[in-house]
Amino acid sequence: MPLVCLTDFQAHAREHLSKSTWDFIEGGADDCCTRDDNMAAFKKIRLRPRYLKDVSKVDMRTTIQGAEISAPICIAPTGFHRLAWPDGEMSTARAAQAASICYITSTYASCSLEDIVAAAPRGLRWFQLYVHLNRQINKQMIQKVESLGFKALVITVDVPKVGNRRHDFKNQVDLMKNLLLKDLGSPEMGNVMPYFQMSPIDPSICWEDLSWFQSMTRLPIILKGILTKEDAELAVKHNVQGIIVSNHGGRQLDEVPASIDALTEVVAAVKGKVEVYLDGGIRTGNDVLKALALGAKCVFVGRPILWGLACKGEHGVKEVLDILKNEFHTSMTLAGCRSVAEINQDLIQFSRL
């Protein structure tokens with residue numbers, strides 16, 4: 001039986017993965033309220049289609065940080081892809097390149113950055129950074145990804161401490177020790193990088209530290225994990241180039257707003273000065289349309305990519321992306337939008353249900 005939607009891939013992936021791996025991928029923090037709200041919140045939004053418009057040609061292309069992508073649907077940073085498929089992030093990178101979209105590679109990739117780049121040399125890639133306590137290691141990391149052709153630095157801000165993920169405690173999952181990591185194992189760095197992989201994230205990082213990162217690189221800096229207008233305004237004040245509205249897939253602080261519910265507040269706060277993206281809860285083409293209508297420049301998809309990877313490797317990731325792109329094309333067509341520039345808040349009606 002063909003897999004025709006993302007929930008089909010979800011069910012199929014569950015059959016292929018061990019319980020501990022499945023729980024690690026699917027689990028949220030505490031009672032998983034935010035994880036579940038991320039999806040439920042989209043269903044409270046209704047669409048207001050416009051008809052009798054020439055939609056014989058519909059163009060999904062857009063740009064992020066000046067680079068063109070085939071559709072505003074990209075891959076969010078998630079770690080340990082080898083848990084889902086032997087080739088791990090290399091397969092993910094190939095699928096992203098084939099789809100002509102952006103792949104944000106995680107600090108906790110389970111393949112070396114060199115191998116990921118070699119697997120998809122023409123792919124658009126950004127790098128997600130968890131800030132290490134040792135500034136020198138952060139500097140080495142930034143220099144490495146810049147030299148390898150990554151086009152943006154995505155700093156995750158919502159993990160001063162790992163969230164209370166009960167499933168991982170129950171399963172005694174310790175991925176940092178049990179999974180062989182190779183993301184920064186360059187010979188000249190000796191044993192420094194394995195320490196990076198095992199170390200806690202710096203909980204002391206604050207707004208004033210951003211200038212140090214900006215001094216280290218010419219890459220645009222994107223902050224991932226912003227949920228409020230106050231932090232969005234501070235991001236603009238500190239001259240970052242983008243914001244990913246995200247609650248870490250509901251894996252950090254539980255009972256915060258769903259990403260789509262926080263989006264409008266953040267978009268209004270930045271006043272068009274920086275690009276705003278969204279991750280969390282994207283499962284259909286309609287979800288993509290709703291996020292763009294509320295001001296997101298593009299969306300990033302996390303768990304569904306791992307479902308595709310677990311089912312069919314590179315081809316599974318490509319199928320997941322194709323399903324989303326085809327659904328989004330249909331949603332645009334049926335809503336009367338001929339280009340992403342025509343997607344705006346007039347399409348949106350909030351349900352009273």
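Residues numbered from 1 in each chain as written. Predicted model: local features only at pLDDT ≥ 70, side-chain atom pairs only at ≥ 80, totals over all residues. Heavy atoms only, no water.

With an unreviewed UniProt entry as reference, the chain is termed Hydroxyacid oxidase 2, source organism Ovis aries.

### A few points about the packing of aromatic side chains
So the rule is basically this: Paired rings are identified among Phe, Tyr and Trp, the last through its six-membered ring, by centres lying within 6.5 Å, and are further divided according to the angle between planes into stacked (under 30 degrees), edge-to-face (over 60) and tilted (the rest). Helix and strand assignments follow DSSP, with helices taken as H or I runs no shorter than four residues and strands as E runs no shorter than two, numbered in order from the N terminus. Using a 1.4 Å probe on the protein chains alone, a residue whose accessible area is under 20% of its type maximum counts as buried, one over 50% counts as exposed, and one in between counts as partly exposed.
By the definition in use, this model includes 8 aromatic pairs. Judged by centre distance (5.9 Å) and plane angle (80°), the rings of Phe127 and Phe150 are edge-to-face. Of this pair, Phe127 sits in strand β6 (residues 124–129) while Phe150 sits in the loop between α6 (135–147) and β7 (153–156), and the two are 23 residues apart along the sequence. Here the two residues Phe127 and Phe150 agree in accessibility, since each one is buried. Pairing Tyr277 with Phe300 gives two aromatic rings, centres 5.8 Å apart and planes at 90°, and the pair type is edge-to-face. On the criterion of sequence distance, the pair formed by Tyr277 in strand β10 (residues 275–279) and Phe300 in strand β11 (residues 299–301) is long-range, its members being 23 residues apart. Across the pair, exposure class does not vary: Tyr277 and Phe300 are buried alike.

### A word on the packing of helix α14 (residues 303–312) against helix α15 (residues 314–335)
In plain terms, the rule: Orientation is described by axes fitted as lines to C-alpha atoms, over the contacting stretch for helices, and by angles from 0 to 180 degrees between their N-to-C directions. Note that the term roughly parallel is reserved for angles under 35 degrees, roughly antiparallel for angles over 145, roughly perpendicular for angles of 65 to 115, and oblique for everything else. Handedness of each helix crossing follows the sense of rotation of the near helix against the far helix: counterclockwise by less than a right angle gives left-handed, clockwise gives right-handed. By definition, residues are in contact when any of their heavy atoms lie within 4.5 Å. Side-chain classes follow a simple rule in which Ala, Val, Leu, Ile, Met, Phe, Trp, Tyr, Cys and Pro form the nonpolar group, Asp, Glu, Lys and Arg form the charged group, and the remainder, Gly included, forms the polar group.
Where α14 meets α15, the closest approach of the two axes is 6 Å, and the angle between their N-to-C directions is 140°. By the angle class used here, α14 and α15 are oblique. For the element pair α14 and α15, the recorded crossing hand is right-handed. Across the interface between the two elements, Pro304, Ile305, Gly308, Leu309 and Lys312 of α14 pack against Glu314, His315, Gly316, Val317, Glu319, Val320 and Leu321 of α15. Grouping the constituent residues of the contact of α14 with α15 by class yields 6 nonpolar, 3 polar and 3 charged.

### Examining the nonpolar core
So the rule is basically this: We define the nonpolar core as a collection of buried residues of types Ala, Val, Leu, Ile, Met, Phe, Trp, Tyr and Cys that are connected through side-chain atoms lying within 4.5 Å of one another.
Ranked by internal contacts, the top residues of the largest apolar core, which has 113 residues, are Trp126, Phe328 and Ile343. Looking at this core element by element, the count peaks at 8 residues for α15.

### Description of the pairing of strand β8 (residues 221–226)
The condition is simple: Strands are labelled as partners when DSSP assigns at least two bridges between them. When the strands point away from the viewer and the connection leading from the first strand across the helix to the second strand turns clockwise, the crossover is called right-handed.
Within β8, 6 of the 6 residues are buried, which leaves it mostly tucked inside the rest of the structure. As paired elements, β7 and β8 share 4 bridges and run parallel to each other. The residue bridging Ile155 from the neighbouring strand is Leu223, located in β8. Taken together, the 4 bridges between β8 and strand β9 (residues 242–245) define a ladder with parallel strand orientation. Counted as the bridge partner of Lys224 is Ile244 from β9. Viewed along the sheet, the connection from β8 through helix α11 (residues 229–237) into β9 turns out right-handed.

### Focus on unusual backbone geometry
Despite not being glycine, Phe80 shows a phi value in the positive range, around 60°. With respect to the helices and strands, the residue Phe80 is situated in the loop between β4 (73–75) and α4 (88–99). The buried category is assigned to Phe80, whose relative accessible area is 7%. Residue Ser100 is not a glycine yet carries a positive backbone phi of 60°. Summarising the element assignment, Ser100 is placed in the loop between α4 and β5 (102–105).

### Focus on the packing of helix α13 (residues 285–293) against α15
Where α13 contacts α15, the axes come no closer than 7 Å and their chain directions differ by 60°. Classified by the interaxial angle, the pair formed by α13 and α15 is oblique. Here α13 runs over α15; the crossing is right-handed. Packed against α13, whose contacting residues are Gly285, Asn286, Val288, Leu289 and Leu292, the element α15 presents Leu324, Glu327, Phe328, Ser331, Met332 and Ala335 at the interface. Across the contact of α13 with α15, the residue classes break down as 7 nonpolar, 3 polar and 1 charged.

### Quick word on the environment of Thr63
Counting through the fold element by element, Thr63 comes out in strand β2 (residues 62–64). The partly exposed category is assigned to Thr63, whose relative accessible area is 30%. For the pair Thr63 and Cys298, spaced 235 residues apart in sequence, the C-alpha separation works out to 8.7 Å. Residues in contact with Thr63, not counting those within four places in the same chain, are Glu68, Glu275 and Lys297.

### Focus: the pattern of salt bridges
To keep it simple, the criterion reads: What counts as a salt bridge is simple: a side-chain nitrogen of Lys or Arg found within 4 Å of a carboxyl oxygen of Asp or Glu.
Throughout the structure, instances matching the rule amount to 14 salt bridges. Note that Glu342 is salt-bridged to Arg338, the shortest N-O span being 3.1 Å. What makes Glu342 partly exposed here is its relative accessible area of 26%. Classification of Arg338 by relative accessible area gives partly exposed; the value is 33%. Several salt bridges converge on common partners, so that one network encompasses Asp30, Asp31 and Arg166.

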